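Chain residues, written in single-letter form:
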Amino acid sequence: MISYDPGTWGVVGVIFRIQGSVFPKALCWAIPSAVLSVLLNIYVFTEGSEMSVSLEGIEKAWAGYSSVMGFLIVFRNNQAYARFWEGVSLTQQVRGEWFIAISNIFA
């Protein structure tokens, strides 16, 4: 178990500490991707560039992509919601069975 020592920064120090955090590994992927996308954007969309791209028809592709992503997000959220309530109902069932068992012991 990780021992959390709030130190002088309190809760803020615990939230932003490096040890045991996923942020360093995530930044190893995020920073190069962001730099590459900025450089690509500058290179492609500069007015005088020979690679200047026309974005005609991108709306249809974006609409299709957004529809698929929206469907997937809604589907996954519905699955998570159903699993959560299944867990809640099973926990309540276990609680009720324990209540009955303890009641029978005292009866």
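Predicted model only: the values in this text are computed from it and were never measured. (Residues numbered from 1 in each chain as written. Predicted model: local features only at pLDDT ≥ 70, side-chain atom pairs only at ≥ 80, totals over all residues. Heavy atoms only, no water.)

Structural notes on the overall build of the protein
Part 1: Within the protein, the regular secondary structure consists of 3 helices and 0 strands.
Part 2: Shown N-terminal to C-terminal, the secondary structure of the protein runs as helices and strands in the order α-α-α.
Part 3: Here the protein, with 107 residues, has 2% of them falling under the buried criterion.
Part 4: Of the accessible surface of the protein, which amounts to about 10200 Å², a share of 70% is contributed by carbon and sulfur atoms. (Helix = DSSP H or I, 4+ residues; strand = E, 2+ residues; numbered from the N terminus. Buried < 20%, exposed > 50% of the residue type's maximum accessible area, 1.4 Å probe, protein only. Areas by Shrake-Rupley, 256 points an atom, 1.4 Å probe, with all protein chains shown as cover.)

With respect to a nonpolar patch on the surface
Part 1: Where nonpolar side chains cluster on the molecular surface, the patch consists of Val-22, Phe-23, Leu-27, Ile-31, Val-35, Val-38, Leu-39 and Ile-42 and spans about 790 Å² of accessible area.
Part 2: Position of Val-22 relative to the elements: it lies in the loop between helix 1 (11–15) and helix 2 (23–44).
Part 3: Taking the relative accessible area as the measure of exposure, Val-22 reaches 63% and is therefore exposed. (Patch = residues over 30% accessible without salt bridge, like charges linked within 9 Å, V, L, I, M, F, W, Y side chains within 5 Å. Salt bridge = Lys/Arg side-chain N within 4 Å of Asp/Glu carboxyl O.)

What to know about the confidence of the model for the protein
Part 1: Of the residues in the protein, 80% reach a pLDDT of 70 or more, and the chain-wide mean stands at 85.
Part 2: Mean pLDDT across the elements of the protein ranges from a minimum in helix 1, with 67, to a maximum in helix 3 (residues 58–106), with 95. (pLDDT = per-residue confidence, 0-100.)

Regarding the packing of aromatic side chains
Part 1: Using the criterion set out here, one finds 4 aromatic pairs in the structure.
Part 2: Aromatic pair Phe-84 and Trp-85: ring centres 5.1 Å apart, planes at 75°, arrangement edge-to-face.
Part 3: Put simply, the rings of Tyr-81, Phe-84 and Trp-85 pair up and form one aromatic cluster. (Phe/Tyr/Trp six-rings, centres within 6.5 Å; stacked < 30°, edge-to-face > 60°.)

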